[in-house]
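Fold and geometry: a report
For reference, the chains in residue letters:
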Amino acid sequence: MSKPASFYENVERNFDKASAFTKLPQGLLEQIKLCNSVYKMKFPVKVGNDVQVVEAYRVQHSHHRMPTKGGIRYSIHVNQDEVMALAALMTYKCAIVDVPFGGAKGGIKISPRNTSPAVLEKITRRYTAELIKKNFIGPGLDVPAPDYGTGEREMAWILDTYLTLKSNEVEGYGCVTGKPVSLNGIRGRTEATGRGVVYGLNEIVSYKEDMDALGLSTGLKGKRVVVQGMGNVGFHAANIITEYGAKVVAIAEIEGAIFCEDGIDVKKLLKFRKSSGSIIGFPGSTTLESSAAGLEVECDILIPAALENQITIDNAKRIKAKIIAEAANGPITPDAEEILLKKGMMIIPDIYINAGGVTVSYFEWLKNLSHVRFGRMNKRFEEFTQNNILDVVEKATNKNISVKERNNVVKGASEIDLVNSGLEDTMIEAYRTIREAKKKNKIPDLRTAAFYVSIIKIADAYGSMGIFP
Ligand code: NAD
């Protein structure tokens, strides 16, 4: 039997499928597709009385726009192929949502669950120093962010190490995003990927023609949702989608999967898992036979939000969702996708639907370069102007506007208002572009259409550099 294709080979296969719809020269397509720089490192960290040799990576997939941008993953399964695949996806993702960066990704081969915070901190700081040594980090060079197994805490360590070694850099805070707000991070970054998934889905289910084809009504209200992974992305997607009236009927985690027809309260589930160490036994839920069985629950929307290669030719036939939104990177293999598409499912590709994280990371980077919080200069001024307009209306109509009515109208935008509105607009516009490209070019599926859109945009950037006429 032939070896299954690797994650990176799967990304290349998706790229090739889409590039066939373009009329671009082969050499240019090759340049867009390949990874520009791959940095593999090994460094020592003292643990107890011994030395642990740590294997780590940073891959910059595309320098067509600078800086490059992409998360850092901590997992025992990290390898060069995976980091290259994730870096490539970042390039296409940034292009789709018009974030002016090239794609990158980092990874450290460690198990964050089985490593103490003190050792994790040592490893993170040393990794940052290694990146600095080779010019693989900096606000104008390469800007990491959180990914699987990392979060605000790791970003704060990276920032502190960077600022210690580059203390005179006025734009130094822009060397990493996903930082705590107290260290010049931005409000809304933590939940941005999950929120972006919901904003995207809300737009996707608004097209009657598309929903009719799936046998679904429009709108998220009443939709039955299944989520795999209760980490950063999965938790926020599950939590926010319920605010739109959808019902999360099943959740899968490493330790197993649970089901509840009436809907799972994901906030309570998160607390329960924190205290008990597992989602199993959550009051009101039934336990499914395995974690994998969670993916196979009948639903309207399936959101895989854990890792790559979760839906393969082995389980694709048993998936019973109408829409699959790839919140994780690469959760469906190309062979599995063929099976799912034949079954009439709608697959929303990762390079579009999980782009909310990098979109808000871009806003954070802009905030760091401008050294001012969004909304700080105009919030009060907007409120003042709106109050003046209402005064004029009161005078002209000879009618009093109540304090309650006034408060409803008068509201200057705060940082979180601006971040969420920028994110929603980005997700809506990007989907419209992909949907239109699919129709116009008779492209059979959304992933190929999304790759097509991003290849054309990147080729355009090379064209403007004079590399391609
Ligand atoms: P995370 O570490 O916060 O959470 C991942 C969760 O998935 C964990 O709770 C883990 O226990 C669970 N999990 C792992 N294997 C599983 C399995 N086989 N079955 C069920 N659950 C499993 O990571 P995250 O940041 O939420 O990232 C999840 C995915 O989203 C990754 O593919 C990542 O690349 C992608 N992503 C993340 C971001 C971001 O902003 N964090 C942005 C874009 C894409």
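No experiment lies behind these values; they were computed from the predicted model shown. (Residues numbered from 1 in each chain as written. Predicted model: local features only at pLDDT ≥ 70, side-chain atom pairs only at ≥ 80, totals over all residues. Heavy atoms only, no water.)

Topic: the overall build of the chain
The condition is simple: Counting from the N terminus, the helices are the DSSP runs of H or I reaching at least four residues and the strands are the DSSP runs of E reaching at least two. We compute the radius of gyration over the C-alpha atoms and compare it with the globule rule, which gives 2.2 Å times the number of residues raised to the power 0.38. The buried label applies to any residue whose accessible area, calculated with a 1.4 Å probe on protein chains only, is under 20% of its type's maximum; exposed applies above 50%, and partly exposed to all values in between. Working rule for contacts: check all heavy atoms of both residues, and any pair within 4.5 Å makes them a contact. Here the accessible surface of atoms and residues is derived via Shrake-Rupley with a 1.4 Å probe, and residues count as covered only by protein chains that are part of the display.
Within the chain, the secondary structure is distributed over 17 helices and 12 strands. The C-alpha atoms of the chain give 23 Å as radius of gyration, which agrees with the globular expectation for 469 residues (23 Å, within 12%). Along the first, second and third principal axes, the C-alpha set of the chain runs to 80 × 60 × 60 Å. Among the 469 residues that make up the chain, the fraction classed as buried is 55%. Restricting to contacts in the chain with at least 6 residues of sequence separation, those with at least 24 account for 68%. Only carbon and sulfur atoms are counted for the fraction: they give 53% of the accessible area of the chain, which is about 20,900 Å².

Things to note about the site of the ligand
Under the convention used in this document: Nearness here has a simple test: a residue counts as near a molecule or strand if at least one of its heavy atoms is within 4 Å of that partner. Pairs of N or O atoms are called polar contacts if they sit within 3.5 Å, as long as, within protein, a hydrogen donor faces a hydrogen acceptor (for residues adjacent in sequence, only side-chain-to-side-chain pairs). Residues were grouped as follows: Ala, Val, Leu, Ile, Met, Phe, Trp, Tyr, Cys and Pro as nonpolar; Asp, Glu, Lys and Arg as charged; and all remaining residues, including Gly, as polar. Domain segmentation is taken from an automatic or database assignment of domains.
Residues in close proximity to the ligand total 25 residues, the closest being Asp147, Thr193, Val233, Glu253 and Asn329. Thr193 places a polar side-chain atom, nitrogen or oxygen, 2.8 Å from an oxygen atom of the ligand. Between the ligand and the protein, one listed contact pairs an oxygen atom with a side-chain N or O atom of Glu253 at 2.5 Å. For the ligand, whose unbound accessible area comes to 830 Å², protein coverage reaches 88%. Residues that form the shell around the ligand fall into these classes: 10 nonpolar, 10 polar and five charged. Residue assignment places the shell around the ligand across two domains, with domain 1 (35-183) and domain 2 (186-378 + 413-448) each supplying three or more.

Quick word on the domain arrangement of the chain
Note the threshold: Buried area is a sum: the accessible area each of two parts loses on coming together, probed at 1.4 Å, counted once for each and added.
Here the domain parsing of the chain yields domain 1 (35-183) and domain 2 (186-378 + 413-448). Centre-to-centre, using C-alpha coordinates, domain 1 lies 25 Å away from domain 2. With 33 residues of domain 1 at the contact, the number on the domain 2 side is 27 residues. With both chains or domains summed, domain 1 and domain 2 bury close to 2,400 Å², and 64% of this area falls on carbon and sulfur atoms. Interface area lost by domain 1 to domain 2 is led by Lys93, Ile96 and Val97, which between them contribute 23%.

Focus: the nonpolar core
Note the following rule: We define a nonpolar core as any set of buried Ala, Val, Leu, Ile, Met, Phe, Trp, Tyr and Cys residues linked to one another through side-chain atoms lying within 4.5 Å.
Ranked by size, the top nonpolar core spans 95 residues in total, and within it Ile303, Ile323 and Tyr352 carry the most contacts. The element that contributes the greatest number of residues to this core is helix H3 (residues 80-96), accounting for 12 residues. Counting contributing residues, this core receives three or more from each of domain 1 (35-183) and domain 2 (186-378 + 413-448). Leaving out residues up to four positions away in the same chain, Tyr352 has contacts with Ile96, Gly200, Ile204, Met427, Ala430, Tyr431 and Ile434.

Here's the deal with the packing of helix H16 (residues 415-440) against helix H17 (residues 446-464)
Stated formally: Angles here are taken between N-to-C directions and fall from 0 to 180 degrees, while the axes themselves are lines fitted to C-alpha atoms, restricted in helices to the stretch in contact. In what follows, roughly perpendicular refers to angles from 65 to 115 degrees, roughly parallel to angles under 35, roughly antiparallel to angles over 145, and oblique to any angle outside these ranges.
Packing of H16 against H17 leaves a shortest axis separation of 8 Å and a crossing angle of 105°. The angle between H16 and H17 falls in the class roughly perpendicular. Contacts between H16 and H17 pair Tyr431, Thr433, Ile434, Ala437 and Lys438 from the former with Leu446, Ala449, Ala450, Tyr452 and Val453 from the latter. Here the residues of the contact of H16 with H17 sort into eight nonpolar, one polar and one charged.

Focus on the packing of helix H6 (residues 192-204) against H16
The cut-off we apply is this: Note on convention: near helix rotated counterclockwise from far helix by under a right angle means a left-handed crossing. Clockwise means right-handed.
At a closest axis distance of 9 Å, the pairing of H6 and H16 adopts a crossing angle of 45°. In terms of their interaxial angle, H6 and H16 are classed as oblique. Seen along the crossing, H6 lies across H16 with a hand that is right-handed. Touching Ala192, Arg195, Gly196, Tyr199, Gly200, Glu203 and Ile204 of H6 are Asn420, Leu423, Glu424, Met427, Ile428, Tyr431 and Arg432, all from H16. Grouping the amino acids of the contact of H6 with H16 by side-chain chemistry returns seven nonpolar, three polar and four charged.

What about the side chain of Thr150?
Within the element layout of this structure, Thr150 appears in the loop between strand E5 (142-146) and helix H5 (152-165). Overall, Thr150 belongs to the buried group, its relative accessible area being 14%. At 2.8 Å, the side chain of Thr150 forms a polar contact with the backbone nitrogen of Asp147. Look past the residues within four positions of Thr150 in its chain and what remains in contact with it is Ile72, Tyr74 and Met155.

Section: helix H8 (residues 232-243)
Heads up, the condition is: Multiply 1.5 Å by the residue count of a helix minus one, and that product is the helix's expected span.
Along its 12 residues, H8 runs 17 Å from first to last C-alpha, staying within 8% of the 16 Å computed at 1.5 Å per residue. Among the residues of H8, those classed as buried are Gly234, Phe235, His236, Ala237, Ala238, Asn239, Ile240 and Ile241. Just downstream of H8 lies Gly245, where phi reads positive at about 90°.

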